[in-house]
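An overview of the molecular structure
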Amino acid sequence: MKSLRGDAGAPELTPTEILAVTAIAYLQPATRAELSRVAGKKISRDVIGVLKRHGLIDGVLRAPQPGAPFAYVTTKKFLEVFGLATLRELPDIERLEDEGLLEMPKSEADLDAILFAGEEGFDAESDAGEHWE
């Protein structure tokens, strides 16, 4: 698989949109509430709308929950855009976790270390927070 960031023909997606479509790919069918739990923040109708307009997802199912929310699935276009023949070609979640690709920065110091990696004289421990004040 190329990457869930897609290739040159992939639509421009925000990090939240990438997170949402990735979660749908792994969890499908998935409701917006389930996506929000995975993301740790609310996944808006706008995010879902963008993914639907790009043809990457479809909301053809109603979840058997109170209010019968839509449950979203990926489409054939999703597979094409991300260079997959089937969903079985998605990277193994455990492998992604082992490689640290699913971890979010735990603090501003961690975020600083990522953002300013390679800058001379920067020490994430001693300079933590200085860039954000």
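Rules used in this analysis
Residues numbered from 1 in each chain as written. Predicted model: local features only at pLDDT ≥ 70, side-chain atom pairs only at ≥ 80, totals over all residues. Heavy atoms only, no water. Axes fitted to C-alpha atoms, helices over the stretch in contact; angles between N-to-C directions. Helix = DSSP H or I, 4+ residues; strand = E, 2+ residues; numbered from the N terminus. Parallel < 35°, antiparallel > 145°, perpendicular 65-115°, else oblique. Left-handed = near helix turned anticlockwise from the far one by under 90°. Contact = heavy atoms within 4.5 Å. Patch = residues over 30% accessible without salt bridge, like charges linked within 9 Å, V, L, I, M, F, W, Y side chains within 5 Å. Areas by Shrake-Rupley, 256 points an atom, 1.4 Å probe, with all protein chains shown as cover. Salt bridge = Lys/Arg side-chain N within 4 Å of Asp/Glu carboxyl O. Lys, Arg positive; Asp, Glu negative; His and termini not counted. Charge placed at Lys NZ, Arg CZ, Asp CG, Glu CD. Buried < 20%, exposed > 50% of the residue type's maximum accessible area, 1.4 Å probe, protein only. Core = buried A, V, L, I, M, F, W, Y, C linked by side-chain atoms within 4.5 Å. Phe/Tyr/Trp six-rings, centres within 6.5 Å; stacked < 30°, edge-to-face > 60°. Lys NZ or Arg CZ within 6 Å of the ring centre and 35° of its normal. Pairing = 2+ DSSP bridges.

Considerations on the packing of helix α1 (residues 15-27) against helix α2 (residues 32-39)
- Relative orientation of the contacting elements α1 and α2 amounts to 110°, with a least axis distance of 10 Å. Here α2 runs roughly perpendicular to α1, going by the angle between their axes. For the pair α1 and α2, the sense of crossing is right-handed. Here α1 contributes L19, A20, A23, I24 and L27 to the contact with α2, which in turn contributes L35, V38 and A39.

Considerations on a negative patch on the surface
- Judged by side-chain charge, D92, E94, E97 and D98 come together as a negatively charged surface patch.
- Here D98 shows up in helix α5 (residues 93-98).

So, unusual backbone geometry
- With an omega of -5°, the peptide bond running from Q28 to P29 counts as cis.
- One non-glycine residue with positive phi stands out, namely A68, at about 45°.
- Its place among the elements puts A68 in the loop between β2 (57-62) and β3 (70-74).
- Residue class for A68 comes out partly exposed when judged on its relative accessible area of 29%.

Quick look at the nonpolar core
- Within the largest apolar cluster, 23 residues are counted, with the highest numbers of intra-cluster contacts made by L13, L35, L51, L56, I57, F78 and F82.
- Residue assignment for this core shows that the elements contributing at least two residues are α1, α3 (45-53) and α4 (76-81).
- The greatest single-element share of this core, amounting to six residues, is contributed by α1.
- Those residues in contact with L56 that sit more than four places away from it in its chain are P11, L13, V21, L51, V73, T74, T75, K77, F78, V81 and F82.

Let's talk about the packing of aromatic side chains
- Counted under the stated rule, the structure contains two aromatic pairs.
- Ring centres 6.5 Å apart and planes at 35° place the aromatic pair F70 and Y72 in the tilted group.
- Between F78 and F82, the aromatic rings sit 4.9 Å apart at their centres with planes inclined by 45°, giving tilted as the arrangement. For the pair shown, F78 and F82 are each scored as buried.
- Just above the ring of F70 sits the side chain of K52; from NZ or CZ to the centre is 5.9 Å.
- In this arrangement the basic side chain of R62 is found over the ring face of F70, its NZ or CZ atom lying 3.8 Å from the centre.

Remarks on the pairing of β3
- Along β3, four of the five residues are buried, which leaves the element largely enclosed by surrounding structure.
- Pairing of strand β1 (residues 30-31) with β3 involves two bridges; the strand directions are antiparallel. Bridge pairing links A30 to Y72 in β3.
- Summarising the sheet, β2 and β3 pair through four bridges and their orientation is antiparallel. Paired with L61 across the strands is A71, a residue of β3.

Regarding the sheet that holds β2
- Taken in spatial order, the three strands make up an open sheet running β1-β3-β2, and their pairing is antiparallel. Only two strands of the sheet have a single partner each, and these edge strands are β1 and β2.
- Where α3 meets the sheet, its contacts fall on β2 and β3, and the angle it forms with β2 comes to roughly 115°.

Shape is all these values report; function is a separate question.
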